[in-house]
Amino acid sequence: MIRKRCVTSGFVLVFLAATSGPRPCGAQSPANHTTDAAKDQLAQRDPNRPWCGGHGVYEDECSICHPELKERKSPHPGGDARGDQRGALPASPDASAAAAVERCEAHGIAKDVCTRCNPALVESFKKAGDWCAGHGVPESQCTKCNAALRERIATEFIDTFAGLPRSQRPPSPACANDGTKVRLVSEDIGKRTGLTFSEVARQPLTHFVTCNAEVAYDGNRFAHLSSPVPGVVREARVDLGTSVTQGNVLAVIDSPELAAAKADLLQAISSVALHTRSFERESKLEKTGLSPMRDVQEIEYKLSEATIAESRAAQRLRLLGLSEEEVRRVGESGETSSLLSLTAPFAGEVVERSAVIGEAVETSRMLFSVADTARMWAMLDWTEPRVRLRVGMPVLLQVEGFEGESFTGRITWVSTKLEPRTRTLKARAEFENPDGILKANMFGRTSVQVRDNESALVLPKDAVQWDGCCNVVFVREDDSTFELRRVRLGPAPGNIFEVRDGVREGEQVVVVGSFLLKTEVLKGEIGAGCCPVDFNKKK
Ligand SMILES: [Zn+2]
Ligand SMILES: [Zn+2]
Ligand SMILES: [Zn+2]
Ligand SMILES: [Zn+2]
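Attention here is on the structure that accompanies the text. It should be emphasised that the depicted structure is a prediction, and the values quoted were computed from it without experimental measurement.

**Concerning the overall build of the protein**
Next, step 1: The number of helices and strands found in the protein is ten helices and 25 strands.
Next, step 2: Per-residue burial for the protein yields a buried fraction of 41% across its 539 residues.
Next, step 3: Residue pairs at least 24 apart in sequence account for 70% of intrachain contacts in the protein once pairs closer than 6 positions are excluded.
Next, step 4: For the protein, the exposed area adds up to about 28,800 Å²; of that, 52% sits on carbon and sulfur atoms.

Take a look at the structure:
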């Protein structure tokens, strides 16, 4: 079929309806489970009874097209077992008839009667005289010839996908424009209109996903310090903002408990020494028969008790914050000073201080916080559940007040659960902060670089048009002929789309001018004023 038309816009086009058969659907063909009996039934059906090609049953048994059939108590009297089962479904409050029949998404009809998904069925349909040679599908399934079927499939399709943004919707199986060829009467027109083309190519696909973030101290380089013993603050040697190195004394605590613990250790040590000496003496006497075995055993028991007391006292001092070395020195020197030094566990800056000289403090009282701010964390609130966040992904961070600057880091942790209130996913990224610009609790935006596909087919965003039901592109056949194709799109990083179905690598698509071509196709579709094209007329 050839539609010739001229338009007054100065843009002269000849429309050729697609004459080739439909392309195979992008969906995977399921295993052909249709039995020979079913094929025979398709072939031997009554030609005088209207047939619902969309659902593979007689029209008067199709409870999907005719929901009132569901109300019938008994199956349709003329229906055979298969028809009853698939068409006149029993009314059920929680299972709709439409859900009971599995539809193929690409063609919008019941999967097990779809000849494009089950090519083995073609012969049966041809035998039954149900075949549209022009479009290569059964007449009863042909959306190009059968307006009612097209409308029903279109409605079902819209109901299913209306919630998705346009760019994420699959092509409509009821699309009347798919395969339409647009021909310019001369190549000149293409040049004068300024059509440009782009080749469908493969490239690694990365895109940035942004989310809110809050800066925090690096949790591995941040410490709250409190006194390990109850006592009185005698000295506070650092103030807020003081830079410290590992081991620097921050404060001195006077603790009677520390003095008592040291004394306990010294006593235990001398007790061990005493019992060791008497054990050696008694052992010698026992060997010469001057001392009974019982006495030796008694002393041995006391010695082991003293040894346990010594290690317990040493352990107590370690718990109070003394190092192994300091504990050993207490034992050697016999000092019982009550003064304890609170030291920095790593190099950093004093970021909190509440120590007051002369104040009595408990072990629960936080005196200082030390943070290494050379590296900071950002806690991300990830809101894109469809994009998988992984440890190691590069991240850019911008914070309030420093819009011009951005920090580069990487994801170092991704939570395994969603936040119950916000339904976001927590993640963490690390950033170097040599100039100290990043401050804890700052708000910022992060852009995470997501690489979804090493070799994705892509085309420019401007090449994609919306024909009212599908995302479409115009594939160049030659300088004056273009085929409208429905495409299934993936992610859209920057000014390109990943394209998952509808075009092949190396094909050329119209970029500038694709909107004009679409407009012309839609005009043709609604049958706007037509007149024979004057091929000799120079435009
Ligand atoms: Zn039906
Ligand atoms: Zn199909
Ligand atoms: Zn047809
Ligand atoms: Zn469409």
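**Overview of the sheet that holds strand β10 (residues 243-244)**
Next, step 1: Taken in spatial order, the four strands line up as β8-β15-β13-β10 in an open sheet, and their pairing is antiparallel. Looking at which strands have only one partner, the edges of the open sheet turn out to be β8 (222-226) and β10.
Next, step 2: With two bridges connecting them, β10 and strand β13 (residues 348-353) associate as antiparallel partners. Counterpart to Ser243 in the pairing with β13 is Glu349.

**Looking at the packing of helix α7 (residues 256-287) against helix α8 (residues 293-319)**
Next, step 1: Remark: α7 packs on α8, axes separated minimally by 8 Å, with the N-to-C direction vectors making an angle of 160°. Put simply, α7 runs roughly antiparallel to α8. Crossing of α7 against α8: the hand is left-handed.

**A look at α8**
Next, step 1: Between the first and last C-alpha of α8 there are 40 Å, a value that for 27 residues agrees with the 39 Å anticipated at 1.5 Å per step.
Next, step 2: Those residues of α8 that fall on the buried side of the exposure criterion are Val296, Ile299, Leu303, Ala306, Ala313, Ala314 and Leu317.
Next, step 3: Looking at the packing, one finds that the buried side of α8 touches α7 and α9 (324-333).
Next, step 4: At the C-terminal side of α8, Gly321 shows a positive phi close to 105°.

**Re the sheet that holds strand β11 (residues 249-254)**
Next, step 1: In space, the four strands of this open sheet follow the order β12-β11-β9-β14, with antiparallel pairing throughout. The outermost strands of the open sheet, each flanked by one partner alone, are β12 (339-343) and β14 (360-361).
Next, step 2: Pairing analysis gives five bridges linking β11 to β12, with the strands arranged antiparallel. Across the sheet, residue Val252 finds its bridge partner in β12, namely Ser341.

**Considering the coordination of the zinc ion (ligand 4)**
Geometrically, a metal with four donors at the corners of a regular tetrahedron has ideal angles of 109.5 degrees, and one with six donors at the corners of a regular octahedron has ideal angles of 90 or 180 degrees.
Next, step 1: Bound to the zinc ion (ligand 4) are the protein donor atoms Cys175 (SG), Asp467 (OD), Asp467 (OD), Cys469 (SG) and Cys470 (SG), situated 2.2 to 2.7 Å from the metal.
Next, step 2: Along the chain, the residues donating to the zinc ion (ligand 4) are arranged with the sequence spacing C-x291-D-x1-C-C.

**Considerations on the coordination of the zinc ion (ligand 2)**
Next, step 1: The coordination sphere of the zinc ion (ligand 2) contains the protein donors Cys104 (SG), His107 (ND1), Cys114 (SG) and Cys117 (SG), at a distance range of 2.0 to 2.4 Å.
Next, step 2: Here the zinc ion (ligand 2) binds four donor atoms, and the angle range of 98 to 122° at the metal identifies the geometry as tetrahedral.
Next, step 3: Along the chain, the residues donating to the zinc ion (ligand 2) are arranged with the sequence spacing C-x2-H-x6-C-x2-C.
Next, step 4: A relative accessible area of 4% places Cys104 in the buried class.
Next, step 5: For His107, a relative accessible area of 6% corresponds to the buried category.

Cut-off values and rules
Residues numbered from 1 in each chain as written. Chains lettered and ligands numbered in written order. Predicted model: local features only at pLDDT ≥ 70, side-chain atom pairs only at ≥ 80, totals over all residues. Heavy atoms only, no water. Helix = DSSP H or I, 4+ residues; strand = E, 2+ residues; numbered from the N terminus. Buried < 20%, exposed > 50% of the residue type's maximum accessible area, 1.4 Å probe, protein only. Contact = heavy atoms within 4.5 Å. Areas by Shrake-Rupley, 256 points an atom, 1.4 Å probe, with all protein chains shown as cover. Pairing = 2+ DSSP bridges. Axes fitted to C-alpha atoms, helices over the stretch in contact; angles between N-to-C directions. Parallel < 35°, antiparallel > 145°, perpendicular 65-115°, else oblique. Left-handed = near helix turned anticlockwise from the far one by under 90°. Expected span 1.5 Å × (residues − 1). Donors = N, O, S within 2.8 Å, 3.2 Å for Na, K, Ca; no water. Tetrahedral: all angles 85-135°; square planar, octahedral: opposite > 155°, others 65-115°.

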